[in-house]
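Each chain is listed here by its residues.
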Amino acid sequence: PAAMPAGHAVRFEGVGFAWAPDRPPVFAVLDLEVPEGARLCVLGTSGSGKSSLAALLLKLAAPGAGRVTLGGVDIASLPAEEVRRRVACLAQDARLFDDSIAANLRIAAPAAPDAALWRALDRAGIGELVRALPDGLSTGCGEGGARFSGGQARRLALARVLLSAAPVVVLDEPTAGLDADAERAFLETLEEATSGRTVVLLAHRLTGAERPTRVVRLAAGRALPAAG
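These figures come from a predicted structure and were not determined experimentally. (Residues numbered from 1 in each chain as written. Predicted model: local features only at pLDDT ≥ 70, side-chain atom pairs only at ≥ 80, totals over all residues. Heavy atoms only, no water.)

Side note on the pattern of salt bridges
No. 1: What the rule picks out here adds up to 10 salt bridges.
No. 2: One salt bridge connects Arg205 with Glu183, and the closest N-O pair in it is separated by 3.2 Å. In this pair, Arg205 is assigned in the loop between strand E8 (198-203) and strand E9 (214-219) and Glu183 in helix H7 (residues 180-193), connecting sequence segments 22 residues apart.
No. 3: The network of salt bridges with common partners includes Arg11, Glu13, Glu33 and Arg67. (Salt bridge = Lys/Arg side-chain N within 4 Å of Asp/Glu carboxyl O. Helix = DSSP H or I, 4+ residues; strand = E, 2+ residues; numbered from the N terminus.)

Given below as structure tokens:
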């Protein structure tokens, strides 16, 4: 394996990708650059390749052509676990398990002290709610996070991502299933909580609360400048 790079700029260089040889390609020739500290919003309809892009960046899938680089190094030559220490993901189906809040958060950082958990919860905008619970960090989440509302569960999942030191954060439809008010509030929290990190937000549409530095749209297997 190659040595881990010092930087964490991301590039998709001439990437071609299909999930199977007998399936149509998701990407034909995908070229996309995400500089360090950028806030890129990638728009696309269902099936346009947003989740495939995340899978490629997280090294959960490999391109059939071209390459994905992190800090200028092809991630094909980097250990998957090291790539995922640099790239964290909050997916639309991020689950809370039937365990305590603390145990759910420590999935991201098993040795994290309580103080680090509280910092992550505060940055995710849910620390005050957890402090008000009789059992605090020991509160059970219920199966699939049933103890909490959709917006609250998503903030706990965000706290888990923030507990990671990963400099690149992929947000794959992070507000799916939330009502309009909860969606806007969550996106405003994301803006502040992910400050200083590289953010790749995958979404169907923009709401006006995202504040990206660049917006592209996935269409016909390519990344195109978003209209307007």
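Description of the packing of helix H4 (residues 114-123) against helix H6 (residues 150-163)
No. 1: Put simply, H4 and H6 touch, their axes get as near as 8 Å, and they point 125° apart. Between H4 and H6, the crossing angle belongs to the class labelled oblique. Considering how the two elements wind past one another, H4 and H6 form a crossing that is right-handed. On H6, the residues that touch Ala116, Leu117, Ala120, Leu121 and Arg123 of H4 are Leu156, Ala159, Leu162 and Leu163.
No. 2: In the contact of H4 with H6, the residues fall into eight nonpolar, no polar and one charged. (Axes fitted to C-alpha atoms, helices over the stretch in contact; angles between N-to-C directions. Parallel < 35°, antiparallel > 145°, perpendicular 65-115°, else oblique. Left-handed = near helix turned anticlockwise from the far one by under 90°. Contact = heavy atoms within 4.5 Å. Nonpolar A, V, L, I, M, F, W, Y, C, P; charged D, E, K, R; others polar.)

Quick look at the layout of surface pockets
No. 1: Empty space within the largest pocket amounts to approximately 370 Å³.
No. 2: Within the residue set of the lining of the largest pocket, elements represented by two or more residues are helix H2 (80-86), strand E6 (87-91) and H6.
No. 3: Taken together, the residues that form the lining of the largest pocket break down as 11 nonpolar, one polar and five charged. (1 Å grid on protein atoms, 1.4 Å probe; cavity = no way out; pocket = protein on both sides within 12 Å on 5 of 7 lines; lining within 4 Å. Points joined across faces, edges and corners; volume = space filled by probe spheres on them.)

With respect to H4
No. 1: Along H4, the residues classified as buried are Ala116, Leu117, Ala120 and Leu121. End-on view of H4: buried residues confined to an arc of 135°, all on one side of the axis.
No. 2: Against the buried residues of H4 lie helix H3 (101-105), helix H5 (127-132) and H6.
No. 3: Immediately downstream of H4, the backbone of Gly125 shows phi near 75°, a positive value. (Buried < 20%, exposed > 50% of the residue type's maximum accessible area, 1.4 Å probe, protein only. Arc of directions from axis to C-beta.)

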